[in-house]
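Breakdown of the fold
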Amino acid sequence: MNVLIHVVVALHIIGIASLLGGFLTQMKAMGAGTARFVPAMLHGALTMLVTGVALVGLDQADGRSVNNIKIGVKLLVLIVILALVYVKRDDEKAGKGAFAAVGGLTVANIFIATLWT
């Protein structure tokens, strides 16, 4: 069970890397007002959602305690990210506010995961 949990954690990290990497590659374009939500951002957010739910289930099945408030906050932040990216995924240009919000919420989700104990 421990190996499976570590594999799912690795996939979760790959998802966050895809989401954040997609955002970072568009930072210069955001300054010019031509940034767009790339497919890697949507795929990364979806990967995070699936692996996050799997991690909660695996942790509970393994008898570990789960901080439900922390998981709920992280899920809420991820749902907002997913909504923004999904709705604007086909637009030629994403608004600076929406694009910056996705980047800020992604970083916030990372800090919630690492600092909230």
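Here's what I pulled together on the structure shown here. All figures in this text were calculated on a predicted structure; none of them were measured in a lab.

In this structure, asparagine 68 sits in helix H4 (residues 68–88). For the pair asparagine 68 and alanine 29, spaced 39 residues apart in sequence, the C-alpha separation works out to 37 Å.

This part is about H4. The terminal C-alpha atoms of H4 lie 30 Å apart, and with 21 residues this matches the ideal 30 Å at 1.5 Å per residue to within 8%. All buried positions along H4 are accounted for by Lys70, Lys74, Val77, Leu78, Ile81, Leu82 and Val85. For H4, the angular spread of buried residues about the axis comes to 140°, placing them on one side. Looking at H4, the residues exposed on the side facing more than 90 degrees away from the buried face are Asn68, Ile69, Leu76 and Val87. Close packing links the buried residues of H4 with helix H1 (2–25), helix H3 (39–61) and helix H5 (96–115). With a side-chain oxygen positioned 3.3 Å from the backbone nitrogen of isoleucine 69, the residue opening H4 is asparagine 67.

A full pass over the atoms with the stated rule returns two aromatic pairs. Taking the centre distance of 5.0 Å and the plane angle of 25° together, the rings of phenylalanine 23 and phenylalanine 99 count as stacked. Pair noted here: phenylalanine 23 is in helix H1 and phenylalanine 99 is in helix H5, with a separation of 76 residues, a long-range link. Considered together, phenylalanine 23 and phenylalanine 99 belong to a single accessibility category, that of buried residues. Summarising the aromatic geometry, the rings of phenylalanine 37 and phenylalanine 99 are spaced 5.2 Å apart at their centres and angled 35° between planes, so their arrangement reads as tilted. Residue phenylalanine 37 is located in the loop between helix H2 (27–32) and H3, and its partner phenylalanine 99 is located in helix H5; the two are separated by 62 residues in the primary sequence. Of the two residues, phenylalanine 37 and phenylalanine 99, both sit in the buried class. Among the aromatic residues, those joined into a cluster by ring pairs are Phe23, Phe37 and Phe99. One residue, arginine 89, lies across the ring of tyrosine 86, its end atom 3.9 Å from the ring centre.

Now for the pattern of salt bridges. One pass over the full model with this rule turns up two salt bridges. In this structure, arginine 64 engages aspartate 59 in a salt bridge whose closest nitrogen and oxygen atoms are separated by 3.5 Å. For arginine 64, a relative accessible area of 36% corresponds to the partly exposed category. It is possible to trace a salt-bridge network through shared partners that takes in Asp59, Asp62 and Arg64.

Okay, the nonpolar core next. Core analysis: the biggest nonpolar cluster contains 20 residues, and Leu19, Phe37, Met41, Ile81, Val85, Phe99 and Val102 have the highest contact counts within it. Residue assignment for this core shows that the elements contributing at least two residues are H1, H3, H4 and H5. Every residue in contact with phenylalanine 37, bar those within four places of it in the chain, is listed here: Leu84, Val85, Lys88, Arg89, Ala94, Ala98, Phe99 and Val102.

Conventions used here
Residues numbered from 1 in each chain as written. Predicted model: local features only at pLDDT ≥ 70, side-chain atom pairs only at ≥ 80, totals over all residues. Heavy atoms only, no water. Helix = DSSP H or I, 4+ residues; strand = E, 2+ residues; numbered from the N terminus. Expected span 1.5 Å × (residues − 1). Buried < 20%, exposed > 50% of the residue type's maximum accessible area, 1.4 Å probe, protein only. Arc of directions from axis to C-beta. Contact = heavy atoms within 4.5 Å. Polar contact = N/O pair within 3.5 Å; in protein donor to acceptor, adjacent residues only side chain to side chain. Phe/Tyr/Trp six-rings, centres within 6.5 Å; stacked < 30°, edge-to-face > 60°. Lys NZ or Arg CZ within 6 Å of the ring centre and 35° of its normal. Salt bridge = Lys/Arg side-chain N within 4 Å of Asp/Glu carboxyl O. Core = buried A, V, L, I, M, F, W, Y, C linked by side-chain atoms within 4.5 Å.

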